[in-house]
Amino acid sequence: MTSIVGNLLLVATVVFLGAVLAIGSFAYLDGVGAPTATADFTYERTPAGLEMTPKALSTAVDVQLNGKRVATFSEDAAGRTVLLPTAPGDRITAVSRDGEQTVLVDTTVDDRSEVGDFIAYYTFDSTSGSELVDRSGNGNDGTLSGSPTWTGNSLQFGGNDHVDVRNLAVPGRTVSEFTVAVAYRQDGSSDRVNQLVEHYNGGNEWFLENPGASGNQYRTEFAVNFPSTSISSGSTYTTGQRHVAVGTFDGSTYELYVDGDRVGSDSYDSAVNMGDLVIGADAPNGNSQTLDGEIYEIRLYYTAFGEEEIRVISTAMG
């Protein structure tokens, strides 16, 4: 395991200024009748997803992302903004909190202008096949190796199982910072390293992994130039439980979060390398430090995020 230098992924550094999506109110769902509650929202794109702001509300509203409540607006919340960490295929729903439970918004996010700054996005919701599809639209598909098992909402790893993603790319962009987030469960083998994801280019690498601790406990570690620049959670986590690990690097500072809480931070000045990715095992051969457990979702962004964005992303993935 080694470092992270050069260009992790792309071609020309781009700063997004969040295109405002003047969407207004979405159409009412068929079959709900003539609702008495009304709501009007605007949406602005950010590197982490859509910011949703009510312009006018006649009642308190619950906002759901993929069926999970992520925010509540009171009647007097006009102008208050919440971040929705939208990814391709996400469903946004807003339901009135009155007795009628009127569906005021119901829309699926598919347009690239409505999602975050993705390099790659993997949902692991297949039931068969040897390909892991990149749902970001960038074509960073992976190839299964060994015999990992699809469960319908995850990929189960054991033995020498892993996924290879070659030549990460985002057409027309240069990556100078990044955020990687992994929703996973480690089931055993806490006495050795369990690799979640590792990027490499020649002798350089960055990774998220779980070094062993003791008993059924393990730590989580994020490295951008191993072994000279890596940070550990310090705290231990229990095997058999689902967690979300996030590493973010802005070219000079790198931070590690677990379940939305920052558990480590340090400094390192470097560019970001273009290269390959191994999921569930050590790079480059994928035949050591393998994960004993399941991965549910991976998000890789070409933007470094702060504490609030990572908290929201972790909640959505958790």
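Keep in mind the model is a prediction, meaning the values are calculated, not measured. (Residues numbered from 1 in each chain as written. Predicted model: local features only at pLDDT ≥ 70, side-chain atom pairs only at ≥ 80, totals over all residues. Heavy atoms only, no water.)

(A) Just the overall build of the protein chain, in detail. Helix and strand content of the protein chain: 1 helix and 26 strands. Pairs at least 24 apart in sequence give 62% of the contacts found in the protein chain among residues at least 6 apart. As presented, the protein chain carries roughly 12400 Å² of accessible surface, and 44% of it is formed by carbon and sulfur atoms. (Helix = DSSP H or I, 4+ residues; strand = E, 2+ residues; numbered from the N terminus. Contact = heavy atoms within 4.5 Å. Areas by Shrake-Rupley, 256 points an atom, 1.4 Å probe, with all protein chains shown as cover.)

(B) Region of the structure containing the environment of G234. One can find G234 in the loop between β20 (229-232) and β21 (237-238). Under the relative-accessibility criterion, G234 is labelled exposed at 54%. For G234 and G264, which are 30 residues apart along the polypeptide, the C-alpha to C-alpha distance reads 8.1 Å. (Buried < 20%, exposed > 50% of the residue type's maximum accessible area, 1.4 Å probe, protein only.)

(C) Representation of the sheet that holds strand β4 (residues 61-65) within the structure. The 4 strands lie next to each other as β5-β4-β7-β8, forming an open sheet whose pairing is antiparallel. The two strands at the open ends of the sheet, each matched to only one other strand, are β5 (68-73) and β8 (103-108). If you compare each strand with its neighbour and ignore which way they point, the axes differ by 15 degrees on average. Across 5 bridges, β4 lies against strand β7 (residues 91-96) in antiparallel orientation. Across the sheet, the residue bridging to Q64 is T93, located in β7. (Pairing = 2+ DSSP bridges. Axes fitted to C-alpha atoms, helices over the stretch in contact; angles between N-to-C directions.)

(D) Geometry of the packing of aromatic side chains. On inspection of all chains with the given rule, the structure shows 11 aromatic pairs. Geometrically, the ring pair formed by F222 and Y254 is edge-to-face, given 6.1 Å between the ring centres and 65 degrees between the ring planes. Within this pair, whereas F222 is found in strand β19 (residues 221-225), its partner Y254 is found in strand β23 (residues 253-258), the two being separated by 32 residues in sequence. Y254 shares its class with F222; the two are buried. Following the ring pairs from residue to residue traces out a cluster consisting of F178, W206, F222, F249, Y254 and Y268. When the ring centre of Y296 is taken as origin, the NZ or CZ atom of R242, which lies over that ring, is 4.0 Å away. (Phe/Tyr/Trp six-rings, centres within 6.5 Å; stacked < 30°, edge-to-face > 60°. Lys NZ or Arg CZ within 6 Å of the ring centre and 35° of its normal.)

(E) Layout of the sheet that holds strand β11 (residues 142-145). With antiparallel pairing, the 8 strands of this open sheet are ordered in space as β10-β11-β14-β25-β16-β17-β19-β20. The outermost strands of the open sheet, each flanked by one partner alone, are β10 (131-132) and β20. Looking at chain direction, β10 and β11 are connected through 2 bridges and run antiparallel. Paired with L132 across the bridge in β11 is G142.

(F) The pairing of β7, seen in detail. Most of β7 is tucked away, with 5 of its 6 residues classed as buried. Pairing between β7 and β8: 5 bridges, direction antiparallel. Its bridge partner lying in β8, R91 is registered against T108.

(G) Molecular detail of helix α1 (residues 307-317). Regarding α1, the residues found buried are I310, V312, I313, S314 and M317. The secondary structure elements touched by the buried residues of α1 are β6 (82-84), β15 (178-186), β22 (242-249), β23 and β26 (293-301).

(H) Looking closely at the pairing of strand β3 (residues 49-57). Pairing of strand β2 (residues 39-46) with β3, which is carried by 8 bridges, proceeds in the antiparallel orientation. Looking at the pairing, Y43 lines up with M52 of β3. Where β2 folds back onto β3 in an antiparallel hairpin, the turn is made up of 2 residues.

(I) Structural detail: the pattern of salt bridges. Applying the stated rule across the entire model yields 12 salt bridges. Across the pair D62 and R97 runs a salt bridge, and its minimum N-O distance is 3.4 Å. Of this pair, D62 sits in strand β4 while R97 sits in the loop between β7 and β8, placing them 35 residues apart in sequence. Given a relative accessible area of 13%, D62 falls into the buried group. For the salt bridge of D106 with R91, the shortest nitrogen-to-oxygen distance reads 2.6 Å. One end of the pair, D106, is in strand β8; the other, R91, is in strand β7, with 15 residues separating them in the sequence. By relative accessible area, R91 is classed as partly exposed at 41%. One network of salt bridges, in which partners are shared, links D62, R69 and R97. (Salt bridge = Lys/Arg side-chain N within 4 Å of Asp/Glu carboxyl O.)

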